[in-house]
Amino acid sequence: MNAGKPMFLIILLVITALVVNASFFAVQENQMGLRLQLGEIVDSDYEPGLHFKMPLVQSIQLFDKRIQTLDLEPERFLTVEKKFVVVDSFAKWRISDVAQYFRSTRGSHTQTQRLLSARINAALRDEFGKRTIKEVVSGERSEIMRKLARKADESAADLGVEIVDVRVKQIDFEEAISENIYERMRTERHRVAAELRAEGAEAAERIQADADRQRTEILADAYRDAELLRGEGDAKAADIYARAFDQDREFYSFWRSLKAYRDVFRDGNSMLVLDPDSSFFRYFKSETSTE
(Lines give C-alpha, C1' and ligand atoms only; values in the text may rest on other atoms or scores of the structure.)
Protein backbone atom coordinates (compact mmCIF):
# COMPACT_ATOMS: atom_id res chain seq x y z
CA MET A 1 0.00 0.00 0.00
CA ASN A 2 2.81 2.38 0.90
CA ALA A 3 4.81 1.28 -2.19
CA GLY A 4 1.89 2.07 -4.51
CA LYS A 5 1.40 5.59 -3.17
CA PRO A 6 4.55 7.12 -4.77
CA MET A 7 3.64 5.52 -8.09
CA PHE A 8 0.14 7.00 -7.86
CA LEU A 9 1.56 10.45 -7.18
CA ILE A 10 3.88 10.18 -10.15
CA ILE A 11 1.01 9.17 -12.42
CA LEU A 12 -1.12 11.99 -11.03
CA LEU A 13 1.66 14.52 -11.65
CA VAL A 14 2.13 13.27 -15.22
CA ILE A 15 -1.59 13.51 -15.93
CA THR A 16 -1.71 16.98 -14.40
CA ALA A 17 1.25 18.10 -16.54
CA LEU A 18 -0.38 16.73 -19.68
CA VAL A 19 -3.66 18.48 -18.87
CA VAL A 20 -1.89 21.79 -18.18
CA ASN A 21 0.14 21.42 -21.37
CA ALA A 22 -3.02 20.69 -23.37
CA SER A 23 -4.73 23.72 -21.85
CA PHE A 24 -2.40 26.35 -23.29
CA PHE A 25 -1.26 27.25 -26.79
CA ALA A 26 1.08 29.89 -28.25
CA VAL A 27 0.46 32.20 -31.21
CA GLN A 28 3.56 33.56 -32.97
CA GLU A 29 3.96 37.04 -34.48
CA ASN A 30 3.51 35.70 -38.02
CA GLN A 31 0.50 33.51 -37.18
CA MET A 32 -3.26 33.79 -36.84
CA GLY A 33 -5.03 31.48 -34.38
CA LEU A 34 -8.46 29.84 -34.56
CA ARG A 35 -10.05 27.99 -31.60
CA LEU A 36 -12.52 25.22 -32.47
CA GLN A 37 -14.90 23.31 -30.25
CA LEU A 38 -16.28 20.12 -31.77
CA GLY A 39 -15.55 21.53 -35.23
CA GLU A 40 -17.24 24.90 -34.61
CA ILE A 41 -15.39 28.19 -34.39
CA VAL A 42 -15.28 29.55 -30.85
CA ASP A 43 -12.80 32.41 -31.14
CA SER A 44 -10.43 33.84 -33.76
CA ASP A 45 -9.21 37.10 -32.26
CA TYR A 46 -5.83 36.21 -30.78
CA GLU A 47 -2.86 38.43 -30.21
CA PRO A 48 0.66 36.91 -30.29
CA GLY A 49 1.41 35.16 -26.98
CA LEU A 50 0.17 32.35 -24.72
CA HIS A 51 -3.57 31.55 -24.53
CA PHE A 52 -5.86 29.10 -22.73
CA LYS A 53 -8.15 26.43 -24.20
CA MET A 54 -10.17 23.58 -22.82
CA PRO A 55 -8.26 20.35 -23.32
CA LEU A 56 -9.77 17.48 -25.29
CA VAL A 57 -12.89 19.50 -26.13
CA GLN A 58 -11.27 22.37 -27.98
CA SER A 59 -8.57 22.39 -30.70
CA ILE A 60 -6.42 25.11 -32.24
CA GLN A 61 -5.73 25.86 -35.91
CA LEU A 62 -2.80 28.15 -36.71
CA PHE A 63 -2.36 29.88 -40.08
CA ASP A 64 0.41 31.94 -41.68
CA LYS A 65 -0.63 35.60 -41.92
CA ARG A 66 2.31 36.69 -44.07
CA ILE A 67 1.97 37.58 -47.77
CA GLN A 68 2.13 34.46 -49.93
CA THR A 69 2.73 33.93 -53.64
CA LEU A 70 0.39 32.09 -55.99
CA ASP A 71 1.90 31.11 -59.36
CA LEU A 72 -0.91 30.73 -61.87
CA GLU A 73 -0.79 28.26 -64.72
CA PRO A 74 -0.46 29.95 -68.16
CA GLU A 75 -3.92 30.52 -69.63
CA ARG A 76 -5.22 31.49 -73.09
CA PHE A 77 -7.35 34.65 -73.16
CA LEU A 78 -9.25 36.24 -76.03
CA THR A 79 -8.66 39.94 -76.79
CA VAL A 80 -11.23 42.36 -78.20
CA GLU A 81 -9.75 41.57 -81.64
CA LYS A 82 -10.78 37.92 -81.19
CA LYS A 83 -7.15 36.79 -81.00
CA PHE A 84 -5.74 34.51 -78.35
CA VAL A 85 -2.84 35.40 -76.06
CA VAL A 86 -1.17 33.09 -73.56
CA VAL A 87 -0.70 34.86 -70.22
CA ASP A 88 1.66 33.72 -67.47
CA SER A 89 0.94 35.53 -64.19
CA PHE A 90 1.24 35.39 -60.42
CA ALA A 91 -0.57 36.91 -57.42
CA LYS A 92 0.36 38.03 -53.91
CA TRP A 93 -2.23 37.25 -51.21
CA ARG A 94 -2.71 36.91 -47.47
CA ILE A 95 -5.42 35.91 -45.01
CA SER A 96 -7.51 38.89 -43.91
CA ASP A 97 -10.34 37.13 -42.01
CA VAL A 98 -9.18 33.82 -40.52
CA ALA A 99 -12.68 32.71 -39.50
CA GLN A 100 -14.12 33.32 -42.98
CA TYR A 101 -11.03 31.72 -44.50
CA PHE A 102 -11.59 28.55 -42.47
CA ARG A 103 -15.30 28.42 -43.33
CA SER A 104 -14.59 28.81 -47.07
CA THR A 105 -11.57 26.55 -47.46
CA ARG A 106 -11.46 24.50 -44.22
CA GLY A 107 -7.90 25.78 -43.94
CA SER A 108 -6.73 23.86 -47.02
CA HIS A 109 -3.91 25.60 -48.86
CA THR A 110 -4.60 23.57 -52.00
CA GLN A 111 -8.29 24.53 -51.94
CA THR A 112 -7.32 28.18 -51.44
CA GLN A 113 -5.01 28.15 -54.47
CA ARG A 114 -7.69 26.51 -56.63
CA LEU A 115 -10.37 29.05 -55.67
CA LEU A 116 -8.03 32.03 -56.02
CA SER A 117 -6.81 30.83 -59.42
CA ALA A 118 -10.37 30.62 -60.70
CA ARG A 119 -11.22 34.13 -59.51
CA ILE A 120 -8.02 35.74 -60.79
CA ASN A 121 -8.29 34.04 -64.18
CA ALA A 122 -11.88 35.28 -64.47
CA ALA A 123 -10.68 38.83 -63.76
CA LEU A 124 -7.87 38.43 -66.30
CA ARG A 125 -10.31 37.16 -68.92
CA ASP A 126 -12.59 40.17 -68.38
CA GLU A 127 -9.77 42.73 -68.58
CA PHE A 128 -8.06 41.21 -71.63
CA GLY A 129 -11.40 40.84 -73.39
CA LYS A 130 -11.86 44.64 -73.29
CA ARG A 131 -8.52 45.53 -74.89
CA THR A 132 -6.46 45.09 -78.04
CA ILE A 133 -3.18 43.19 -78.22
CA LYS A 134 -1.22 46.45 -78.39
CA GLU A 135 -2.88 47.74 -75.23
CA VAL A 136 -2.24 44.60 -73.19
CA VAL A 137 1.36 44.29 -74.37
CA SER A 138 2.55 47.83 -73.75
CA GLY A 139 0.11 50.71 -73.78
CA GLU A 140 -2.06 50.10 -70.71
CA ARG A 141 -0.41 47.26 -68.80
CA SER A 142 0.04 49.24 -65.56
CA GLU A 143 -3.59 50.32 -65.61
CA ILE A 144 -4.69 46.76 -66.36
CA MET A 145 -2.72 45.45 -63.37
CA ARG A 146 -4.30 48.00 -61.01
CA LYS A 147 -7.83 47.21 -62.15
CA LEU A 148 -7.11 43.50 -62.14
CA ALA A 149 -5.79 43.52 -58.56
CA ARG A 150 -8.80 45.52 -57.37
CA LYS A 151 -11.31 43.25 -59.12
CA ALA A 152 -9.58 40.07 -57.92
CA ASP A 153 -9.50 41.38 -54.34
CA GLU A 154 -13.24 42.09 -54.46
CA SER A 155 -13.99 38.62 -55.80
CA ALA A 156 -11.83 36.94 -53.12
CA ALA A 157 -13.42 38.77 -50.18
CA ASP A 158 -15.83 35.88 -49.52
CA LEU A 159 -12.80 33.61 -48.97
CA GLY A 160 -11.44 35.76 -46.16
CA VAL A 161 -8.41 36.52 -48.36
CA GLU A 162 -6.91 39.83 -49.50
CA ILE A 163 -5.33 40.01 -52.98
CA VAL A 164 -2.36 42.34 -52.51
CA ASP A 165 -1.17 42.41 -56.12
CA VAL A 166 -1.49 40.64 -59.47
CA ARG A 167 1.31 40.73 -62.05
CA VAL A 168 1.75 39.39 -65.57
CA LYS A 169 5.14 37.75 -66.04
CA GLN A 170 4.88 37.05 -69.76
CA ILE A 171 2.48 37.33 -72.67
CA ASP A 172 2.96 34.97 -75.61
CA PHE A 173 1.14 34.81 -78.93
CA GLU A 174 0.31 32.17 -81.43
CA GLU A 175 2.94 32.00 -84.16
CA ALA A 176 0.90 33.76 -86.86
CA ILE A 177 -0.14 36.52 -84.47
CA SER A 178 3.44 36.97 -83.27
CA GLU A 179 4.72 37.38 -86.82
CA ASN A 180 2.04 39.96 -87.64
CA ILE A 181 2.82 41.89 -84.47
CA TYR A 182 6.56 41.85 -85.13
CA GLU A 183 5.97 42.98 -88.71
CA ARG A 184 3.84 45.91 -87.53
CA MET A 185 6.49 46.77 -84.95
CA ARG A 186 9.21 46.70 -87.64
CA THR A 187 7.10 48.87 -89.95
CA GLU A 188 6.47 51.34 -87.15
CA ARG A 189 10.17 51.47 -86.24
CA HIS A 190 11.09 52.06 -89.91
CA ARG A 191 8.52 54.86 -90.12
CA VAL A 192 9.86 56.53 -86.99
CA ALA A 193 13.44 56.14 -88.25
CA ALA A 194 12.50 57.70 -91.61
CA GLU A 195 10.87 60.64 -89.85
CA LEU A 196 13.92 61.16 -87.68
CA ARG A 197 16.23 61.00 -90.70
CA ALA A 198 14.04 63.52 -92.57
CA GLU A 199 14.06 65.85 -89.57
CA GLY A 200 17.84 65.44 -89.32
CA ALA A 201 18.33 66.19 -93.02
CA GLU A 202 16.11 69.27 -92.75
CA ALA A 203 18.05 70.50 -89.73
CA ALA A 204 21.34 69.85 -91.54
CA GLU A 205 20.17 71.83 -94.59
CA ARG A 206 19.05 74.67 -92.36
CA ILE A 207 22.37 74.72 -90.51
CA GLN A 208 24.33 74.55 -93.78
CA ALA A 209 22.32 77.41 -95.31
CA ASP A 210 22.84 79.52 -92.21
CA ALA A 211 26.57 78.76 -92.25
CA ASP A 212 26.82 79.69 -95.96
CA ARG A 213 24.95 82.94 -95.30
CA GLN A 214 27.26 83.81 -92.43
CA ARG A 215 30.33 82.92 -94.55
CA THR A 216 29.11 85.19 -97.39
CA GLU A 217 28.45 88.04 -94.98
CA ILE A 218 31.83 87.63 -93.30
CA LEU A 219 33.69 87.55 -96.65
CA ALA A 220 31.74 90.59 -97.90
CA ASP A 221 32.52 92.53 -94.72
CA ALA A 222 36.18 91.50 -94.93
CA TYR A 223 36.43 92.50 -98.61
CA ARG A 224 34.79 95.86 -97.85
CA ASP A 225 37.16 96.51 -94.95
CA ALA A 226 40.14 95.46 -97.08
CA GLU A 227 39.13 97.76 -99.90
CA LEU A 228 38.69 100.63 -97.46
CA LEU A 229 42.12 100.00 -95.96
CA ARG A 230 43.67 99.60 -99.41
CA GLY A 231 42.08 102.87 -100.54
CA GLU A 232 43.31 104.64 -97.45
CA GLY A 233 46.79 103.21 -98.02
CA ASP A 234 46.83 104.24 -101.65
CA ALA A 235 45.69 107.72 -100.69
CA LYS A 236 48.43 108.00 -98.08
CA ALA A 237 51.02 106.65 -100.54
CA ALA A 238 49.92 109.10 -103.22
CA ASP A 239 50.13 111.92 -100.71
CA ILE A 240 53.62 110.86 -99.68
CA TYR A 241 54.74 110.56 -103.30
CA ALA A 242 53.28 113.97 -104.08
CA ARG A 243 55.04 115.64 -101.17
CA ALA A 244 58.30 113.87 -102.01
CA PHE A 245 58.02 114.96 -105.65
CA ASP A 246 57.44 118.54 -104.59
CA GLN A 247 60.56 118.52 -102.39
CA ASP A 248 63.01 117.46 -105.18
CA ARG A 249 61.46 116.81 -108.52
CA GLU A 250 64.73 115.96 -110.29
CA PHE A 251 65.69 113.33 -107.69
CA TYR A 252 62.15 111.87 -107.76
CA SER A 253 62.35 111.59 -111.56
CA PHE A 254 65.74 109.89 -111.25
CA TRP A 255 64.39 107.41 -108.67
CA ARG A 256 61.39 106.58 -110.86
CA SER A 257 63.69 105.92 -113.80
CA LEU A 258 65.85 103.55 -111.74
CA LYS A 259 62.77 101.67 -110.65
CA ALA A 260 61.68 101.36 -114.27
CA TYR A 261 65.14 100.04 -115.27
CA ARG A 262 64.97 97.45 -112.50
CA ASP A 263 61.51 96.29 -113.50
CA VAL A 264 62.41 96.00 -117.21
CA PHE A 265 65.71 94.17 -116.78
CA ARG A 266 64.73 92.05 -113.80
CA ASP A 267 65.07 88.63 -115.49
CA GLY A 268 68.31 89.49 -117.38
CA ASN A 269 66.93 88.37 -120.74
CA SER A 270 64.87 91.43 -121.63
CA MET A 271 65.55 93.29 -124.83
CA LEU A 272 64.22 96.68 -125.86
CA VAL A 273 64.49 98.32 -129.27
CA LEU A 274 64.37 102.07 -128.67
CA ASP A 275 65.69 105.25 -130.17
CA PRO A 276 68.99 106.18 -128.42
CA ASP A 277 67.63 109.65 -127.92
CA SER A 278 64.58 108.27 -126.06
CA SER A 279 63.88 109.85 -122.72
CA PHE A 280 64.00 106.36 -121.24
CA PHE A 281 67.80 106.49 -121.42
CA ARG A 282 68.21 110.08 -120.36
CA TYR A 283 70.12 109.11 -117.16
CA PHE A 284 72.48 106.82 -119.14
CA LYS A 285 73.95 109.87 -120.89
CA SER A 286 76.69 112.04 -119.39
CA GLU A 287 76.00 115.60 -118.37
CA THR A 288 78.23 116.95 -121.19
CA SER A 289 76.54 114.90 -123.89
CA THR A 290 73.19 116.03 -122.56
CA GLU A 291 74.21 119.61 -123.01
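Quick note: structure is the one above.
Reference entry: report on the structure contained in this document.

Cut-offs and rules
- Counting starts from 1 at the beginning of each chain's written sequence and moves along it residue by residue.
- Only residues with pLDDT of at least 70 get local features here, since the model is predicted, and only at 80 or more are side-chain atom pairs given and counted; chain-wide, interface and lining totals rely on the full set of residues.
- Side-chain metrics rest on all non-hydrogen atoms present in the structure, leaving aside hydrogens and water.
- What makes a nonpolar core is a set of buried Ala, Val, Leu, Ile, Met, Phe, Trp, Tyr and Cys residues whose side-chain atoms join them at distances within 4.5 Å.
- For every residue, the accessible area obtained with a 1.4 Å probe (protein chains only) is divided by the maximum for its type, and the residue is called buried under 20%, exposed over 50%, and partly exposed between those limits.
- Only runs of H or I of at least four residues qualify as helices and only runs of E of at least two qualify as strands under DSSP, and these elements are numbered from the N terminus.
- Residue contacts are counted whenever heavy atoms from the two residues lie within 4.5 Å of one another.
- Throughout this description, the term salt bridge denotes a Lys or Arg side-chain nitrogen within 4 Å of a carboxyl oxygen of Asp or Glu.
- Each pair of strands is called paired provided DSSP finds at least two bridges between the two strands.
- For helices, the fitted line uses only the C-alpha atoms of the stretch in contact; every axis is such a line through C-alpha atoms, and the angle between N-to-C directions lies from 0 to 180 degrees.
- Two aromatic rings from Phe, Tyr or Trp, using only the six-membered ring of Trp, form a pair when their centres are within 6.5 Å; if the ring planes differ by under 30 degrees the pair is stacked, by over 60 it is edge-to-face, and anything between is tilted.
- Helix span, expected: 1.5 Å multiplied by one less than the number of residues in the helix.
- Here a patch means residues that are over 30% exposed by relative accessible area and free of salt bridges, tied together within 9 Å if like-charged and within 5 Å if nonpolar (Val, Leu, Ile, Met, Phe, Trp, Tyr).
- Reported accessibility uses the Shrake-Rupley method at a 1.4 Å probe radius. Residues are deemed covered only where the shown protein chains occlude them.
- For classification, angles of less than 35 degrees are called roughly parallel, those exceeding 145 degrees roughly antiparallel, those between 65 and 115 degrees roughly perpendicular, and all remaining angles oblique.
- By the definition used in this description, the sense in which the near helix is turned from the far one sets the handedness, with an anticlockwise turn below a right angle giving left-handed and a clockwise turn giving right-handed.
- Any pair of nitrogen or oxygen atoms within 3.5 Å is treated as a polar contact; in protein, a donor-acceptor pairing is required on top of that, and neighbouring residues in sequence qualify only through side-chain atoms on both sides.
- Each residue is assigned to one of three groups, with Ala, Val, Leu, Ile, Met, Phe, Trp, Tyr, Cys and Pro labelled nonpolar, Asp, Glu, Lys and Arg labelled charged, and all others, Gly among them, labelled polar.

## Here's the deal with the nonpolar core
In globular proteins that are soluble, nonpolar side chains generally tend to be buried together.
Right, so step 1: Counting 37 residues, the largest nonpolar core has Val 85, Trp 93, Leu 116, Ile 120, Phe 128, Ile 163 and Val 166 as its most contacted members.
Right, so step 2: Elements supplying a minimum of two residues to this core: strand E2 (31–37), strand E8 (84–95), helix H2 (98–105), helix H3 (109–128), helix H4 (133–139), helix H5 (141–155) and strand E9 (161–173).
Right, so step 3: With near-sequence residues (within four places) excluded, Val 85 lies in contact with Glu 75, Arg 76, Phe 77, Thr 79, Phe 128, Ile 133, Ile 171, Asp 172 and Phe 173.

## Looking at unusual backbone geometry
Right, so step 1: Positive phi values are uncommon outside glycine, yet Arg 106 reaches one of about 55 degrees.
Right, so step 2: Among the secondary structure elements, Arg 106 is positioned in the loop between H2 and H3.

## Comments concerning the pattern of salt bridges
Right, so step 1: All told, the structure shown has 16 salt bridges when counted by the stated rule.
Right, so step 2: Its salt-bridge partner being Arg 167, residue Asp 165 comes within 2.9 Å of it at the nearest N-O pair.
Right, so step 3: Residues Arg 224 and Asp 225 are paired through a salt bridge, measuring 3.2 Å at the closest nitrogen-oxygen approach.
Right, so step 4: On the basis of relative accessible area, Asp 225 is assigned to the partly exposed category, the value being 35%.
Right, so step 5: Look at the salt bridges and you will find they share partners, linking Asp 71, Asp 88 and Lys 169 into a network.

## Structural notes on the sheet that holds E2
Pairing between sheet strands relies on hydrogen bonds along the backbone, with the strands arranged either parallel or antiparallel.
Right, so step 1: Across the sheet, which stays open at both edges, the three strands sit in the order E3-E2-E5 with antiparallel pairing between neighbours. Where the open sheet ends on each side, the last strands, each with one partner, are strand E3 (40–43) and strand E5 (58–64). Taken over all neighbouring pairs, the strand axes of this sheet differ in orientation by 40 degrees on average, direction set aside.
Right, so step 2: Strand direction decides the pairing type here: E2 and E5, joined by seven bridges, are antiparallel.

## Notes on the packing of aromatic side chains
Right, so step 1: Scanning the entire structure with this criterion turns up three aromatic pairs.
Right, so step 2: Between Phe 63 and Tyr 101, the aromatic rings sit 5.6 Å apart at their centres with planes inclined by 85 degrees, giving edge-to-face as the arrangement. Separated by 38 residues along the polypeptide, Phe 63 in strand E5 and Tyr 101 in helix H2 bring together distant segments of the chain.
Right, so step 3: Centroid distance Phe 63 to Phe 102: 6.5 Å. Interplanar angle 55 degrees. Geometry classified as tilted. Residue Phe 63 is found in strand E5, and its partner Phe 102 is found in helix H2; the two are separated by 39 residues along the sequence.

## Section: the pairing of strand E7 (residues 75–78)
Right, so step 1: Relative to E8, E7 runs antiparallel, the two being bridged by four bridges. The residue bridging Leu 78 from the neighbouring strand is Phe 84, located in E8.

## Notes on the environment of Leu 34
Right, so step 1: Here Leu 34 is to be found in strand E2.
Right, so step 2: Ignoring anything within four residues of it in the chain, the contact list for Leu 34 reads Ile 41, Asp 43, Ser 44, Ser 59, Ile 60, Gln 61, Phe 63, Val 98, Ala 99 and Phe 102.

## Remarks on H3
Right, so step 1: The end-to-end C-alpha distance of H3, which contains 20 residues, comes to 28 Å, matching closely the 28 Å that a straight helix rising 1.5 Å per residue would cover.
Right, so step 2: Buried within H3 we find Thr 112, Leu 115, Leu 116, Ser 117, Ile 120, Asn 121, Ala 123, Leu 124, Glu 127 and Phe 128.

## Regarding a nonpolar patch on the surface
Right, so step 1: Together, Phe 24, Leu 38, Leu 50, Phe 52, Met 54, Leu 56 and Val 57 line one region of the surface with nonpolar side chains, adding up to about 800 Å² of accessible area.
Right, so step 2: You can see Leu 50 is positioned in strand E4 (residues 49–52).

## Looking at the pairing of strand E1 (residues 24–27)
Right, so step 1: Residues Phe 25 and Val 27 line the buried face of E1, whereas the alternating positions Phe 24 and Ala 26 sit on a face that is not buried.
Right, so step 2: Sheet analysis places E1 next to E4, joined by four bridges and oriented antiparallel. Paired with Ala 26 across the two strands is Leu 50, which belongs to E4.

## Side note on the packing of H3 against H5
Right, so step 1: In the contact formed by H3 and H5, the axes pass within 9 Å of each other and the chain directions differ by 140 degrees. Considered as vectors, H3 and H5 are oriented oblique to each other. Seen along the crossing, H3 lies across H5 with a hand that is right-handed. In contact with Arg 119, Ile 120, Ala 123, Leu 124, Asp 126 and Glu 127 of H3, H5 contributes Ile 144, Lys 147, Leu 148, Lys 151, Ala 152 and Ser 155.

## Focus on the side chain of Glu 127
Right, so step 1: Relative to the elements of secondary structure, Glu 127 occurs in helix H3.
Right, so step 2: Exposure remark for Glu 127: the relative accessible area of 3% places this residue in the buried category.
Right, so step 3: Not counting chain neighbours up to four residues away, the residues in contact with Glu 127 comprise Ile 144, Lys 147, Leu 148 and Lys 151.

## Side note on the side chain of Thr 105
Right, so step 1: Along the chain, Thr 105 turns up in helix H2.
Right, so step 2: One polar contact links the side chain of Thr 105 to the main-chain carbonyl oxygen of Tyr 101, over a distance of 2.7 Å.

## Describing the packing of H2 against H3
Angle between the axes and distance between the axes: these two values describe a pair of packed helices.
Right, so step 1: Here H2 crosses H3 at 90 degrees, and the two axes come no closer than 10 Å. Between H2 and H3, the interaxial angle falls into the category roughly perpendicular. Residues Tyr 101, Ser 104 and Thr 105 of H2 pack against His 109, Gln 111, Thr 112 and Leu 115 of H3.
Right, so step 2: Taken together, the residues of the contact of H2 with H3 sort by class into two nonpolar, five polar and no charged.

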